[in-house]
Structure formats: C-alpha cells, structure tokens
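Per-entry structural report
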Amino acid sequence: SGSEALYRKCISYNPCDGRAWLGIARMYWKRGMPDLAEKSYKDGLYYNPKNPYLLQSWANMLVKQGNSRSAMQLLTTSVKRNPTHAASWIEMGKIHQRDSDITSARYCFSQAVDSNNRSYVALQAYGVLEADLGNIQKARELLNQAIRIAPNSVHSLQALANLEKKEGNLEGAQRLLE
C-alpha cells in the first residue's frame, strides 16, 4: 500500500512520466490483478503514447497471458515510434522465435543489436538463436561480445557454457560455469 501511494503521488506530480505508471502496472500484475495492470498501462499511454517502456512491458504481460497477437501489435507500435528501443525488438524476436519464424526473429534480434550494440541482453538472445540454428561461430561471437559487455551476466555465461557443452568442449563449459 505504501508503494501504491508513492506511485500515485508521482503520477499526480507528472502524469506524463511513464515510470510511475510502469511501476504501478507491475505492482498490480504481481498482485494478480491484470485488469488493473492493463488500465495502468493504458492510462500511462494516454499521457505519453510513444513510451516504449510502457508498450514493451504491457506486451510482455500479454505474452505471459498467452496473447501474443495483441503483444505483437503493441511491440510493432513501439518499434515504429521508437526504432532504437532494443527491449521491444528483443520481445518481438522472442515471439517470432516461439512461432518458428526464424527469419523475422533474426531480423528483430539484429535490429536490437544495431540499435544498441551495448545491450548484452540483445546479444545474448541473438546468440542463443544462432546456437539453436547451428551457426556455432556466429553464436560464439555474439555470446562472447555479450560477456565482454557484462562479464557477470550469469545468463550469457550459461548460454555460452551450454553451447560449448553441446560442441563437446566440456572444459570450456566448466570454466564458464565456474
């Protein structure tokens, strides 16, 4: 209740700043109140319709609810309005990857990397896709780049360790996991 009061106070000070709307929407989602979370996203977008963080977060919630079609509509809006928002490209890529649309997934992940070449999350997602497709050298390059940017990213380290294990490099995999 204290968090909600603070978010409401922030909204009253500046309803155009999407951070409070995002916080309150996530709070409602975690409380199991998706209808109120959706209302918060919509209210925030009323004041700032181009906010990529609200669009991407709402899309993420919709994916978790099994509504990938509506999520994709939000993400398409997000990347049209904010072509350099890597998180929206990544979320789109993951949806395409789940739908086995590899060409579109690869395009989205490459757009995420192109829009922010310091996004280790984008590099990792792209690297995992390439590893799954058997493009081992490309996957290694992407995952190593992610690790250079964020050396303590356990997800990137584990992804590269899994790749090395599948390739029979058990010593390399163990070194990465350690």
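Each value, and the rule that gives it
- Residues numbered from 1 in each chain as written.
- Predicted model: local features only at pLDDT ≥ 70, side-chain atom pairs only at ≥ 80, totals over all residues.
- Heavy atoms only, no water.
- Helix = DSSP H or I, 4+ residues; strand = E, 2+ residues; numbered from the N terminus.
- Buried < 20%, exposed > 50% of the residue type's maximum accessible area, 1.4 Å probe, protein only.
- Contact = heavy atoms within 4.5 Å.
- Areas by Shrake-Rupley, 256 points an atom, 1.4 Å probe, with all protein chains shown as cover.
- Lys, Arg positive; Asp, Glu negative; His and termini not counted.
- Charge placed at Lys NZ, Arg CZ, Asp CG, Glu CD.

Here we take up the overall build of the chain. Along its length, the chain carries 11 helices and zero strands. Along its sequence from the N terminus, the chain presents helices and strands in the succession α-α-α-α-α-α-α-α-α-α-α. Principal-axis analysis of the C-alpha atoms places the extent of the chain at approximately 55 × 35 × 25 Å. In the chain, which comprises 178 residues, the proportion classed as buried is 43%. The contacts in the chain between residues at least 6 apart in sequence include a share of 38% that link residues at least 24 apart. Split by element, the accessible area of the chain, about 10100 Å² in all, is 49% carbon and sulfur. Of the side-chain charges in the chain, 23 are positive and 16 negative, and the distance between the mean point of each set is 7 Å.

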